[in-house]
Amino acid sequence: MADIRLEGVTKAYGSHRVHSDLNLAVNQGECFTLLGPSGCGKTVMLRLIAGFEAPDAGRVAIGGTVVYDAGGGVNIPPDRRGLGVVFQDYAVWPHMTVFQNVAYPLKIAGWNPEELKRRTLETIALVNMKGLENRLPSELSGGQQQRVALARALAARPSLMLLDEPLSNLDANLREEMRFEIKEIQGKLGVTVLYVTHDQEVALVISDRMAVMDGRGRIRQIGSPAEIYENPADAFVFGFMGVANFLPTRSDGGKLLAGGGAQPIPWPGPEGKAEAWTAAFRPSDIVISRPKPLPGAGCLSGVIRRASFLGAMMDYLIDVDGAKIRAVLETHEAMSRGLIFKEGESCAVTFLNLHWFDSGALKETAI
Ligand SMILES: Nc1ncnc2c1ncn2[C@@H]1O[C@H](COP(=O)(O)OP(=O)(O)OP(=O)(O)O)[C@@H](O)[C@H]1O
Ligand SMILES: [Mg+2]
């Protein structure tokens, strides 16, 4: 049974339609991520599920219970939906200690003092904050305040947690650490998590399954991180999941030519019908080498337009007949194989992994 089920959910503000006929099912015990660009309607969707806002049409069910039904007049208030929520700004109460912040929902729910103390301390320990119970938020780092917000949402052991970009205010190192911790806590408690982010790396690490949304709030693909990364449903998903190269081709006498030049693409072409095709690949899927004595031989030749040393990696911008593509390779590998190029030098490229997209559809799905 799905822990969250949205059926035909529609929400507009004035003439601005954020969600149209949206359907989504999140399974019990899974960590499900909504990934999409800023403004696509992720927070609105969480607010609709939590009950802070009402859809214009459709139904929302949590744990098999209908909590909102536009047609049937059902609208269960947020505090009776059994959720833990951490919103984007994760506001913890500044005048309360860590203990008081975490205990607050239990106090409101009328827990007896002994049980309340036991559960509060247990939850503080769960988020690795033991020993800091008497601190005020002003005496905590951003990451620690974040843990308090998480503990507060977990204190009553909800069966469902809604987390809205809870790591966005943290620096890169803390963000990396916290995403593993959230995943660990989720596993320990077996709580269903609906996690919202525009950061694809966070989504890949944390999700059992994820939905990729486009700028207009439409869900483009649902799947495991590996499925979405390896088999993107369309060019939007491919582009949104990491740095993407798009190499346009044109058809000429049964051959596909790269960019605006005359070099034939030396790999199997796309299947299906389209007026024009674009090859798509990640910078790390390009194999770069010194130019071959005989051109062709499974490679395209290009010219290095920019060579950047990024420490562990070398980042090259390569011109292939007018199309600019980015390639990265490990610096130590580049050094040991004589692949440190200078700007203006010629090179040859081939690809480990290639996706084909209809060039016409690609324009429509532009990010
Ligand atoms: N109360 C409101 N009144 C009018 N428009 C709103 C309201 N809340 C949200 N919107 C609009 O709905 C759209 C979706 O907003 P939402 O906050 O869900 O985006 P988001 O995907 O969470 O973006 P971000 O990643 O930046 O947080 C935006 O265009 C926003 O301006
Ligand atoms: Mg948001």
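Residues numbered from 1 in each chain as written. Chains lettered and ligands numbered in written order. Predicted model: local features only at pLDDT ≥ 70, side-chain atom pairs only at ≥ 80, totals over all residues.

### So, the overall build of the protein chain
Logical step 1: Of the regular secondary structure elements, the protein chain holds ten helices and 20 strands.
Logical step 2: Here the C-alpha coordinates of the protein chain stretch approximately 80 × 50 × 35 Å along the principal axes.
Logical step 3: Sorting the 367 residues of the protein chain into buried and exposed places 34% on the buried side. (Helix = DSSP H or I, 4+ residues; strand = E, 2+ residues; numbered from the N terminus. Buried ≥ 20, exposed ≤ 12 C-beta atoms within 10 Å, placed from the backbone.)

### Structural notes on the site of ligand 1
Logical step 1: Around ligand 1, the surrounding shell consists of Tyr13, Val18, Gly36, Ser38, Gly39, Cys40, Gly41, Lys42, Thr43, Val44 and His198.
Logical step 2: When residues of the shell around ligand 1 are assigned to their parent elements, the largest contribution, three residues, is made by helix 1 (residues 42–50).
Logical step 3: By residue class, the composition of the shell around ligand 1 is four nonpolar, six polar and one charged. (Near = placed C-beta within 6 Å. Nonpolar A, V, L, I, M, F, W, Y, C, P; charged D, E, K, R; others polar.)

### Observations concerning the environment of Arg147
Logical step 1: Within the secondary structure, Arg147 is located in helix 4 (residues 142–154).
Logical step 2: Along the sequence, Arg147 and Val92 sit 55 residues apart, while their C-alpha atoms lie 9.9 Å from each other.
Logical step 3: Excluding anything up to four places from it in sequence, Arg147 contacts Val127, Asn128 and Met129. (Contact = placed C-beta atoms within 7 Å.)

### Topic: the packing of helix 2 (residues 98–108) against helix 4
Logical step 1: Interaxial distance between helix 2 and helix 4 falls to 7 Å at its minimum, and their mutual angle equals 30°. It follows that helix 2 is roughly parallel to helix 4 by the angle criterion. Seen along the crossing, helix 2 lies across helix 4 with a hand that is right-handed. Here helix 2 contributes Val98, Asn101, Val102, Tyr104 and Pro105 to the contact with helix 4, which in turn contributes Val148, Ala151 and Arg152.
Logical step 2: Each residue belonging to the contact of helix 2 with helix 4 can be placed in one class, and the counts come to six nonpolar, one polar and one charged. (Axes fitted to C-alpha atoms, helices over the stretch in contact; angles between N-to-C directions. Parallel < 35°, antiparallel > 145°, perpendicular 65-115°, else oblique. Left-handed = near helix turned anticlockwise from the far one by under 90°.)

### Section: the nonpolar core
Logical step 1: Counting residues in hydrophobic clusters, the biggest one holds 88 residues, and the most contacted among them are Val60, Ala151, Leu162, Leu194 and Val349.
Logical step 2: Looking at which element gives the most residues to this core, the answer is helix 4, with six residues.
Logical step 3: Shared between two domains, this core takes at least three residues from each, and those domains are domain 1 (2–239) and domain 2 (243–364).
Logical step 4: Leave out the neighbours within four places in its chain, and Val60 touches Leu6, Val9, Leu48, Ile49, Pro55, Val67 and Tyr68. (Core = buried A, V, L, I, M, F, W, Y, C linked by C-beta atoms within 7 Å. Domains from an automatic or database assignment.)

### Here we look at the sheet that holds strand 13 (residues 255–258)
Logical step 1: The strand order across the open sheet formed by four strands is 13-12-14-20, and the pairing between neighbours is antiparallel. Lying at the two open borders of the sheet, with one neighbouring strand each, are strand 13 and strand 20 (355–358). Pairs of neighbouring strands in the sheet enclose a mean axial angle of 35°, with direction left out of account. (Pairing = 2+ DSSP bridges.)

### Here's the deal with the pairing of strand 4 (residues 57–62)
Logical step 1: As paired strands, strand 4 and strand 5 (residues 65–69) are joined by four bridges and run antiparallel to one another. Within strand 5, the residue paired with Arg59 across the bridge is Asp69.
Logical step 2: Hairpin connection, strand 4 to strand 5: the antiparallel pair is bridged by two residues, and Gly63 has positive phi, about 55°.

### Focus on helix 4
Logical step 1: An ideal rise of 1.5 Å per residue puts 18 Å on 13 residues; helix 4 measures up with 18 Å between its terminal C-alpha atoms.
Logical step 2: Buried residues of helix 4: Gln145, Gln146, Arg147, Val148, Ala149, Leu150, Ala151, Arg152, Ala153 and Leu154, and no others. (Expected span 1.5 Å × (residues − 1).)

### Re the domain arrangement of the protein chain
Logical step 1: The domain boundaries assigned to the protein chain delineate domain 1 (2–239) and domain 2 (243–364).
Logical step 2: For domain 1 and domain 2, the distance between their C-alpha centres works out to 40 Å.
Logical step 3: Counting residues at the interface gives five residues for domain 1 and six residues for domain 2.
Logical step 4: In terms of residue class, the side of domain 1 that touches domain 2 is made up of three nonpolar, one polar and one charged.

### Remarks on the environment of Gln144
Logical step 1: With respect to the element layout, Gln144 can be found in helix 4.
Logical step 2: In sequence terms Gln144 and Val98 are 46 residues apart; their C-alpha atoms lie 9.6 Å from each other.
Logical step 3: Setting aside its immediate chain neighbours within four residues, Gln144 contacts Met129 and Leu132.

### A few points about the sheet that holds strand 18 (residues 323–330)
Logical step 1: Strand order in this open sheet of five strands is 15-19-16-17-18, and the pairing throughout is antiparallel. With partners counted over all chains shown, the strands left at the sheet margins are strand 15 (286–289) and strand 18, one partner each. For this sheet, the mean inter-axis angle between neighbouring strands, taken without regard to orientation, is 45°.
Logical step 2: Note: strand 16 (residues 300–309) against strand 19 (residues 346–351), four bridges, orientation antiparallel. Across the sheet, Gly302 pairs through a bridge with Cys347, a residue of strand 19.

### Observations regarding helix 1
Logical step 1: Along helix 1, the residues that are buried comprise Lys42, Met45, Leu46, Leu48, Ile49 and Ala50.
Logical step 2: Within two residues after helix 1, Gly51 carries a phi angle of roughly 95°, on the positive side.

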